[in-house]
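Per-entry structural report
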Amino acid sequence: MHNQSSAYTALITGASSGIGLALTRKLLGEGWDVAVLIRSDFPADDQLLQESRKRGQLRIYKADVSSFTSLRQGLEQIKSQEASIDVLFNNAGGSFDKLMYSPQGRELHYEVQTVAPYIITMEMVEQLKRGRLKRVVHTSSNAFDFLKSFDAATLARPASFKKLTGPYATTKLAMSLWTQAAAAAMEQEHGIVMRSVDPGPNNTLRKGTGSGLPFYVRPLMKFFFPPPTRGASLLYDGAMGDAPAGSLLAKGKIKALPFATQAQAVLSQMEQIYNQEYQSATPIDPPAPQQQLVIPS
Ligand SMILES: NC(=O)c1ccc[n+]([C@@H]2O[C@H](COP(=O)([O-])OP(=O)(O)OC[C@H]3O[C@@H](n4cnc5c(N)ncnc54)[C@H](OP(=O)(O)O)[C@@H]3O)[C@@H](O)[C@H]2O)c1
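Here the structure is a predicted model, which means the values were calculated and not measured. (Residues numbered from 1 in each chain as written. Predicted model: local features only at pLDDT ≥ 70, side-chain atom pairs only at ≥ 80, totals over all residues. Heavy atoms only, no water.)

**Comments concerning the packing of helix H1 (residues 18-29) against helix H2 (residues 47-55)**
One can describe the packing of H1 onto H2 by two numbers: an axis separation of 11 Å at closest approach and a directional angle of 60°. If you check the angle between H1 and H2, you find them oblique. Seen from above, H1 lies across H2 with left-handed handedness. Contacts from Leu21, Thr24, Arg25 and Leu28 in H1 reach Leu48, Leu49 and Ser52 in H2. (Axes fitted to C-alpha atoms, helices over the stretch in contact; angles between N-to-C directions. Helix = DSSP H or I, 4+ residues; strand = E, 2+ residues; numbered from the N terminus. Parallel < 35°, antiparallel > 145°, perpendicular 65-115°, else oblique. Left-handed = near helix turned anticlockwise from the far one by under 90°. Contact = heavy atoms within 4.5 Å.)

Below, the structure is given as structure tokens:
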């Protein structure tokens, strides 16, 4: 079991690239212990990651968060290995290039960016309660500023698709809405403060990515957006600051959420999926030994 040291411990999803990778590197550099839940491997040539891995300061768990089978396996391993978590960063996400569905039959952005953060948060409550900071930060977006309508009932099976301003935007908003609706009870019952944070624009283009972005965004990203260390700093500040639980922070300031009258409806969907689908499924076998990423030295 890890986390017997005096360092803070973070759990970061989507840490293998972009903002999550920059945040992982930042926290390791500041002496934090970092557990990551990732689908793809880290870059193999990163010396900080290699050394942190060898010291046990960086611990790697693997999952595709869109699949309950895979997510459950990853979360059970974390629960069996990590005694406490100070800050959970639910960061995995992205804009996909077409309508796709998760193994559970829900639209993929919805599964990855709205449902999975709820499940990961609820499954990590005991670890967070044992942590000293007791914070959860969800990576949001300003993409929903462009939404003219929002209907919680269509999140799982949207009728139409648009890159970035379609299901990507609605499901980021849905995640910030349930965060707002669930935050007070989470703080009162468990002492855990949950917020969502817009990391702002960041250049996270890499080979083979960007197809989920409208054509005009890619050159903007390439030539004008700052590096992902910028978004990582905003997520970090959002976690460590004192904004009220449930807030959405953008550029470090609290921002009102549109369509807030539907926050409770989105939260009810999360509770139903978690209680009736995730929790009631047949438990998996006891966790196998922790999957280790072998980073060539
Ligand atoms: N870049 C921006 O300007 C910007 C602005 C606002 C918000 N954001 C948000 O910031 C977060 C990080 O994105 P990024 O810009 O850093 O892009 P990125 O480099 O593509 O990082 C996305 C991360 O999420 C992971 N991920 C996606 N689907 C997953 C799944 N099903 N299971 C497990 N992991 C999954 C990816 O893993 P794989 O490599 O395996 O796909 C990757 O590690 C996202 O939530 C994004 O929506 C970004």
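**Focus: the packing of aromatic side chains**
Describing an aromatic ring pair means giving the distance of the ring centres and the angle of the ring planes. Under the criterion given, the structure shown has 8 aromatic pairs. With 5.3 Å between their ring centres and 55° between their planes, Tyr8 and Trp32 make a pair best called tilted. Placement of Tyr8 in the segment before strand E1 (9-13) and of Trp32 in the loop between H1 and strand E2 (33-38) is noted, with a sequence separation of 24 residues between them. Residue class for Trp32 comes out buried when judged on its relative accessible area of 5%. (Phe/Tyr/Trp six-rings, centres within 6.5 Å; stacked < 30°, edge-to-face > 60°. Buried < 20%, exposed > 50% of the residue type's maximum accessible area, 1.4 Å probe, protein only.)

**Description of the site of the ligand**
Around the ligand sit 28 residues in total, of which Ile19, Arg39, Ser40, Tyr168 and Lys172 are the nearest. Here Gly18 contributes a backbone N or O atom positioned 3.4 Å from an oxygen atom of the ligand. Within the backbone of Ile19, a nitrogen or oxygen atom sits 2.7 Å from an oxygen atom of the ligand. Within the complex, the protein chains bury 89% of what would otherwise be the 880 Å² of accessible surface of the ligand. Elements that contribute at least two residues to the shell around the ligand include exactly H1, helix H4 (108-123) and helix H6 (167-190). Here the residues of the shell around the ligand sort into 9 nonpolar, 15 polar and 4 charged. (Near = heavy atom within 4 Å. Polar contact = N/O pair within 3.5 Å; in protein donor to acceptor, adjacent residues only side chain to side chain. Areas by Shrake-Rupley, 256 points an atom, 1.4 Å probe, with all protein chains shown as cover. Nonpolar A, V, L, I, M, F, W, Y, C, P; charged D, E, K, R; others polar.)

**Here's the deal with the pattern of salt bridges**
Per the counting criterion, the structure on display carries 13 salt bridges. In this structure, Asp46 engages Arg25 in a salt bridge whose closest nitrogen and oxygen atoms are separated by 2.8 Å. In this pair, Asp46 sits in the loop between E2 and H2 while Arg25 sits in helix H1, placing the two residues 21 residues apart along the sequence. For Asp46, a relative accessible area of 11% gives the class buried. Its relative accessible area of 35% is what places Arg25 among the partly exposed residues. In this structure, Arg59 engages Glu82 in a salt bridge whose closest nitrogen and oxygen atoms are separated by 2.7 Å. Highlighted residues: Arg59 in strand E3 (residues 58-62) and Glu82 in the loop between helix H3 (68-81) and strand E4 (87-90), separated in sequence by 23 residues. Grouping residues by exposure puts Arg59 and Glu82 together as buried. Via salt bridges that share partners, Asp33, Arg59 and Glu82 belong to a single interconnected network. (Salt bridge = Lys/Arg side-chain N within 4 Å of Asp/Glu carboxyl O.)

**Digging into the sheet that holds strand E7 (residues 248-250)**
Taken in spatial order, the 8 strands line up as E3-E2-E1-E4-E5-E6-E7-E8 in an open sheet, and their pairing is mixed. The outermost strands of the open sheet, each flanked by one partner alone, are E3 and strand E8 (253-255). Between one strand axis and the next, the sheet turns through 25° on average, direction left out of account. As judged from the 3 bridges shared by strand E6 (residues 193-198) and E7, these two strands associate in the parallel manner. Note that in E7 the partner of Ser196 across the bridge is Leu248. The sheet strands contacting H6 are strand E5 (135-139), E6 and E7, and the helix crosses E6 at an angle near 160°. (Pairing = 2+ DSSP bridges.)

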